[in-house]
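Here are the chains, one letter per residue:
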Amino acid sequence: MKEECGVVGVVMQDSASTGNPTALQIYYALYALQHRGQESTGITVHDGLHGKSIKGMGLVPEVYAKKDLVELKGNVGVGHVRYSTTGGSKIENCQPLIVKYKSGTIAIAHNGNLANYRALRNELELEGRIFITNSDTEVIAHLLVKELLRHSPIGSISNVIKRLKGSYSLAILIDDQLYALRDPLGFKPLCIGKLDRGFIVASESVAVDTLNGTLIREVEPGELIVFKDDTFESHRLAQRKCHAHCVFEYVYFARPDSIINGKLVYNVREKIGRELAREHPVIADIVSPVPDSGITSAIGYSYEANIRYSEGLMKNRYIGRTFILPGQAMRETAVRLKMNTISENIKGQRIVLIDDSIVRGTTSRRIIDMIRRAGAKEIHARIGSPPIIAPCYFGIDMGTRNELIAAHKTVTGVEAVINADSLGYLSIEGLVRAIGIEKENLCLACLTGEYPLDIPGEYCPHRQLNLNEFP
């Protein structure tokens, strides 16, 4: 699976006098959210008269130079780290997306995915609207510009969300005014923090921590936050009886030190490990994680099962996300570059191998084969999520239904493909217990095939749909 995106908005009171330029604050916050997207990044800052931006392909420290950030003058800005779900990997799709219109300028940073993107874009193109990207964020921008020509910003945003189907957490600059919005079902996280002489809105609370801020609360589903002077005001634009928080924020995406929907991710992952140990016990010598996302769950499994925790794999954290080589031999080399075995910890051991998920099964097979070659006696795979049987249309790139191994193989079949001595997935009930949020307020679509929104048949984030795919 590939990460979604990360958004940041910062508003400061006279940032120049504090010695902490707004752009630099956004830079540090984006650095804290780098795990959410490593493809491209951008920062836009407004000084009350003009907006200025820096964008680029690559990681946060590769794109920005301090001297350039200092030249981005202004007390308010938005930032973004991106992995593409809708829209290709190219500079035109790099965010924040900036649009100039008759009355001013807007800049949008978007985490999520619009399921009705294609229909909305076709409608706008028939009206004569010109698109410069193939990102769904530009659809939001065009709809917002149409409304801003007739209504106030709050009224305009309220009208726009009535047209959108899908997931979106947004940080929006309308000239020098900062707005933060979360979709009515709350798919993607978004929180508010207090800074010294300012505020931050960000995808995860770790961005607030990085700036030595204080987490105030999360933006509620369907809520619009407007930052004004030294305070902010709330507008509830939409309200649903139930929500659809993405379970994979807890399983994989979010940093363990983040608080998502009131739950510390570290605690949830440890509970996932404990649930796994209760549901799938096994006689073994060590519990070992697939780093990094399996580490906390492996600790929980170790505690619950009273089996020693020991690292059998070491991750190379300096391998870029775009490391791609052709041919089977080169792919095997890529796996070894990203991860290596600690042979002394593995040889002759019966291992419980903890991972967060299995998508296609190819990486799991390569890792297990590598551990076997290092001398493991037995390998028992334990997975911190239920089988993934359906694609995601709300911002996670996990492939098509045909590519999902659990969609067309039994647990025994997957076990054989990945070459494990045994395989145990966490149950849906166990995952819900570990998260501690009511099942009706979680999005479990990729695990059940039951979607919280109707998915238009003519569009999905990655390809044209075959209508027979839907249950």
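Structure: above.
An account of the accompanying structure is given in this report. (Residues numbered from 1 in each chain as written. Predicted model: local features only at pLDDT ≥ 70, side-chain atom pairs only at ≥ 80, totals over all residues. Heavy atoms only, no water.)

A short note on the overall build of the protein
Put simply, the rule reads: Under the DSSP-based scheme used, a helix requires at least four consecutive residues in state H or I and a strand at least two consecutive residues in state E, with every element numbered from the N terminus. Radius of gyration means the value over C-alpha atoms here, while the globule rule gives 2.2 Å times the residue count to the 0.38 power. The buried label goes to any residue with under 20% of its type's maximum accessible area, the exposed label to any with over 50%, and the partly exposed label to all in between, with areas taken from a 1.4 Å probe on protein chains only. Every residue pair with non-hydrogen atoms within 4.5 Å of one another is taken to be in contact. Lys and Arg are tallied as positive, Asp and Glu as negative. Neither His nor the chain termini are counted. Taken as the charge location is NZ of Lys, CZ of Arg, CG of Asp or CD of Glu.
Counting its secondary structure elements, the protein contains 18 helices and 24 strands. In terms of overall size, the protein behaves like a compact globule, its C-alpha atoms giving a radius of gyration of 23 Å where 471 residues would be expected to give roughly 23 Å. Sorting the 471 residues of the protein into buried and exposed places 58% on the buried side. Relative to all contacts within the protein whose residues are 6 or more apart in sequence, the contacts with residues 24 or more apart total 69%. Here the protein carries 55 positive and 53 negative side-chain charges, and the mean point of each set is 3 Å from the other.

Re the environment of Ala107
Here Ala107 is to be found in strand S6 (residues 104-114). If sequence neighbours within four positions are ignored, Ala107 has contacts with Thr44, Val78, Pro96, Leu97, Ile98, Ala171, Ile172 and Leu173.

Points about the pattern of salt bridges
Proximity of charged atoms lets side chains of opposite charge pair with each other. Defined as follows: We define a salt bridge as a contact between a side-chain nitrogen of Lys or Arg and a carboxyl oxygen of Asp or Glu at a distance within 4 Å.
For the structure shown, the criterion picks out 23 salt bridges. A salt bridge links Glu127 to Arg129, with the shortest nitrogen-to-oxygen separation between them at 3.8 Å. Residue classification places Arg129 among the partly exposed residues on the basis of a relative accessible area of 26%. In this structure, the salt-bridge partner of Lys146 is Glu127, at a minimum N-O distance of 3.1 Å. Of this pair, Lys146 sits in helix H6 (residues 136-148) while Glu127 sits in the loop between helix H5 (117-126) and H6, placing them 19 residues apart in sequence. On the basis of relative accessibility, which here comes to 43%, the residue Glu127 falls in the partly exposed class. When salt bridges that share partners are traced, they join Glu270, Arg274, Glu275, Arg278, Glu279, Glu304 and Arg433 into one network.

Remarks on helix H2 (residues 22-32)
H2 sits mainly inside the fold: nine of its 11 residues count as buried. Buried within H2 are the following residues: Thr22, Ala23, Leu24, Gln25, Ile26, Tyr27, Ala29, Leu30 and Ala32.

Thoughts on the nonpolar core
Here is the rule: For this analysis, a nonpolar core means a set of buried residues of the types Ala, Val, Leu, Ile, Met, Phe, Trp, Tyr and Cys, connected via side-chain atoms within 4.5 Å.
In terms of nonpolar packing, the biggest core is built from 49 residues, with Val247, Phe248, Tyr301, Ile388, Leu431, Ile435 and Leu447 touching the most fellow members. When contributions to this core are tallied by element, the ones reaching two or more residues are helix H9 (248-253), helix H10 (265-279), helix H11 (295-305), strand S21 (350-355), helix H17 (428-435), strand S24 (442-443) and helix H18 (445-448). Residues Leu120, Leu144, Leu170 and Ile174 belong to the second largest nonpolar core, which totals 30 residues.

Quick notes on the pairing of strand S7 (residues 166-174)
Selection criterion: Two strands pair under a simple rule: DSSP has to find at least two bridges between them.
Counted residue by residue, S7 has nine buried out of nine residues, so it is predominantly covered. For S6 and S7, the ladder comprises nine bridges, and the chain directions are antiparallel. Counterpart to Ile106 in the pairing with S7 is Ile174. Alignment of S7 against strand S8 (residues 177-182), held across six bridges, turns out to be antiparallel.

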